[in-house]
Amino acid sequence: MTNIFELLKGKPEESDYENKGVIVQGITGAYGSLHAKQMIAYGTNVIAGVTPGKGGQKFEDKIPIYNTMQEAVDATNAKISIIFVPAKFFLSAAKDALNAGIKLLVAIPEHVPIRDTMETLDLAKQKGAVVIGPNTPGIMIPELIKIGIMPPMPFKAGKIAVLSKSGTLLYEISDALTNSGFGQSITIGIGGDPVNGTRLIDAFEMVKDIPDMEGLVIVGEIGGDSEEILAQKIIDSGFNKPTVAYIAGRAAPKEKRMGHAGAIVMGNYGSAESKVSMFNKANIPVAKRPAEVPVLLAGKIEKSD
Amino acid sequence: MQLLEFQAKELFREYGINLLDSISSTNIEEGRKHAKEIGYPFVIKIQVPVGGRGKAGGIQKCQNDDEFEIKYPQVMDLTIKGEKARAILLEKMADIKKELYLSIFLNRSKRCYTIIASSEGGVEIESVKNQIIKEVGLGDVSDELARKVANEMGLEGNTAEQFIDTLKKLSKLTIEKEAELVEINPLAIMQDDSIMALDGKFVTDDNSNFRHPELQQYQEKTDIEEQAEKSGFSLVELDGDIAVVGNGAGLVMSTLDMLSDNGGKPACFLDVGGGATTESVYEALTLISQLPRVKGILVNLYGGIVKTTVVAEAFLKAYENNLIDLPVFSRLKGTESEKAKEMLQGSRTNIFDSVEDAINAAVMGIKK
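Residues numbered from 1 in each chain as written. Chains lettered and ligands numbered in written order. Predicted model: local features only at pLDDT ≥ 70, side-chain atom pairs only at ≥ 80, totals over all residues.

1. Details of the overall build of chain B
Assigned secondary structure in chain B consists of eleven helices and 18 strands. The principal-axis extent of the C-alpha atoms belonging to chain B is close to 80 × 50 × 35 Å. For chain B, buried positions account for 46% of its 368 residues. Contacts spanning at least 24 positions in sequence make up 67% of the contacts within chain B whose residues lie at least 6 apart. (Helix = DSSP H or I, 4+ residues; strand = E, 2+ residues; numbered from the N terminus. Buried ≥ 20, exposed ≤ 12 C-beta atoms within 10 Å, placed from the backbone. Contact = placed C-beta atoms within 7 Å.)

2. Remarks on the pairing of strand 12 (residues 215-221) of chain A
Residues and elements named next belong to chain A. The buried fraction of strand 12 amounts to seven of the seven residues, a majority that puts the element mostly inside the structure. Where burial is concerned, the two faces of strand 12 agree: the one with Gly215, Val217, Val219 and Glu221 and the one with Leu216, Ile218 and Gly220 are both buried. Where strand 10 (residues 157-164) and strand 12 come together, five bridges link them in parallel fashion. Directly across from Ser164, in strand 12, lies its bridge partner Val219. As paired strands, strand 12 and strand 13 (residues 243-248) are joined by six bridges and run parallel to one another. Bridge pairing in strand 13 links Val219 to Tyr246. (Pairing = 2+ DSSP bridges.)

3. A word on the pairing of strand 1 (residues 21-25) of chain A
All names here are of chain A. Of all the five residues making up strand 1, four are buried; the element is thus mostly covered by neighbouring parts of the structure. Of the strand pairs in this sheet, strand 1 and strand 2 (residues 45-50) are connected by five bridges, and their pairing is parallel. Following the sheet pairing, Gly21 is matched in strand 2 by Asn45. Crossover connection from strand 1 via helix 2 (residues 30-42) to parallel strand 2: handedness right-handed. For strand 1 and strand 5 (residues 80-83), the ladder comprises four bridges, and the chain directions are parallel. The residue of strand 5 that forms the bridge with Val22 is Ile80. (Right-handed = clockwise from strand over helix to strand, strands pointing away.)

4. Considering helix 9 (residues 272-281) of chain A
All names here are of chain A. Every buried residue belonging to helix 9 is among Ala272, Lys275, Val276, Met278 and Phe279, and all of these are buried. The arc enclosing the buried residues of helix 9, seen along the axis, measures out at 160°, which places them on a common side. The inward-facing, buried residues of helix 9 contact strand 12, helix 8 (226-237), strand 13 and strand 14 (286-287). (Arc of directions from axis to C-beta.)

5. Some details on the interface of chain B and chain A
Taken together, the contacts link 37 residues of chain B with 47 residues of chain A. Contributing elements (two or more residues each) for the side of chain B that touches chain A: strand 13 (234-237), helix 7 (249-261) and strand 15 (266-271) of chain B. Here the side of chain B that touches chain A gets eleven residues from one element, more than from any other, and that element is helix 7 of chain B. The residue inventory of the side of chain B that touches chain A, partitioned by class, reads 16 nonpolar, twelve polar and nine charged. (Nonpolar A, V, L, I, M, F, W, Y, C, P; charged D, E, K, R; others polar.)

6. Description of the sheet that holds strand 12 of chain A
Hydrogen bonding along the main chain pairs the strands of a sheet, whether they run parallel or antiparallel. All names here are of chain A. Pairing is mixed across the open sheet formed by seven strands, whose spatial order is 9-8-11-10-12-13-14. Every interior strand has two partners, whereas the edge strands, strand 9 (145-148) and strand 14, have only one. Sheet strands in contact with helix 9 are strand 12, strand 13 and strand 14, and its direction is about 175° off that of strand 13. (Axes fitted to C-alpha atoms, helices over the stretch in contact; angles between N-to-C directions.)

7. Side note on the domain arrangement of chain B
With domains assigned, chain B is organised as domain 1 (21-92), domain 2 (96-216) and domain 3 (223-367). Computed from C-alpha atoms alone, the centre-to-centre distance between domain 1 of chain B and domain 2 of chain B is 25 Å. (Domains from an automatic or database assignment.)

8. Regarding the environment of Thr44 of chain A
All names here are of chain A. Within the secondary structure, Thr44 is located in the loop between helix 2 and strand 2. It is 17 Å that separates the C-alpha atoms of Thr44 and Gly189, two residues lying 145 residues apart in sequence. Among all residues touching Thr44, those that are not within four sequence positions of it are Val22, Met39, Ile145, Lys146 and Ile147.

9. Here's the deal with the environment of Leu291 of chain B
All names here are of chain B. Position of Leu291 relative to the elements: it lies in the loop between helix 8 (278-290) and strand 16 (296-303). Along the primary structure Leu291 and Ala243 are separated by 48 residues, whereas in three dimensions their C-alpha atoms are 8.9 Å apart. When sequence neighbours within four positions are dropped, the list of residues in contact with Leu291 reads Ile224, Glu237, Ala243, Ala267 and Cys268.

What follows is the structure, encoded as structure tokens:
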């Protein structure tokens, strides 16, 4: 399994340890440039940008822009990229990145066709790369590196891993955790699409062996069965760190897409009841409100002490 | 988007999948003409984008003119799971020997297309027994695999050949139109051993619409939902009286849940989206003002990328222009929320520190 921390931080003996370079694809667009600046402000080492046709220019007078990912990777040796291009152009940007040797690809765009996501994941598999998203807020180690669009305020360094399908709920729940004294070791945005590069179960595999993890928070929503599969995995693996879940969409009508392409209940498939009952089976309490997450987590931690 | 049966069948026909004679109509005058063309006996089928039509009385056999005059309007007037009839399909009745099940769907957890087939179809998928499940990557079904499925279903001779042909055509359709689900249930073996698709379900991947102008004609959205999409936010109409507005699909769903837990009834789900501007939020408020039944607005914002002040400004503009004369219950947090609260001070917006307080006030306020 991929060591996500090694991808994000590197190894202690490397000169760029905890300062890994990140390439921003679509850096000159409105969205890409806004978030490139915010990532830099957070301390992320944005090392290059890519916008076809703008090679040779500089972003904010200092970050070189290249026409292709191959040129950017050749010049910087970066292994991480984040994509901000419109959904229509996502597939070609993703292929460009993976073919150039990117090992961690964070896919921000919403509305990527499922077929394009599946083709991207096929290629990523061949290349041994991790894809986060699409339609994700990104991934971060609070106070160290942010590869995404999250606002900085809700997050604080700590020992709780948070996995979330939703962006704003990730902020809301991390905020509640932070206010209750629970900082976060890592937060991974799964994304709101039907097909995810990193599924909940993959994200769980990435974080389950963090040595000093105090707890795990899973933020799910209606649609698909990735919460159920994760709950089963937790049962089967005997994972015993304090874990709490939250599921959004209990009151949503069936067969209606609730904002996210993936948030739709078909028959019983994807329903909140199905997810809640599987978490209950795994002895994982499910919060009714975001504010209840830290309360339940504190209870779990107390019991495990 | 889920197509109606007759629309799915138009696509089936285009791909050469066998069908019974059928014609769709939207009024009884048209229907009478079709009745003559098709000839009795036939089946009257309501066209709604949801399942469970049979149980709800939306599929009726029809033997003669007298029955037609009674049953056509009856079926047309039905509402099934909140969906009114979009059209009526008249379909020739036929002698069926056996009902099979066949679908190709996007398997989200396996991240590939998957075939489900069974020799015991005609019931809802949850109750289909002896399911044969095959993963097929990006959707291509080879001759060999199709034959294997037919064998496992116990099909033989001409029936097996026709099934193989149907499965391959269904796979081609799924791939070319980028469907999330294409289902034929039942796929019938007729008395002469031929195979016919008696029903059709087709769910598109709306994100690939830009590559499929040919599917545009099937797009069906309420005016309000369509306007919302154009303006870059997502709106789902619901049947309650409190409009729920927020940023991010997860946060808005979560707000609906809490509102419902506390006895409130949401009138809509409105996610202003990550790219919200004062103009787009103003547009959102305009749409809300057009929704029937709305007695109040509940706002739950966690400002990140979207500044809460941008939203506050839109509300102030809406009050100034008398667009909104409803009570508004707000919880604002995150980027520039202190400034946003100041801006809204003394306006129609009631500001609360927690979403729970805002919800309780909204539920109480609406009851008054």
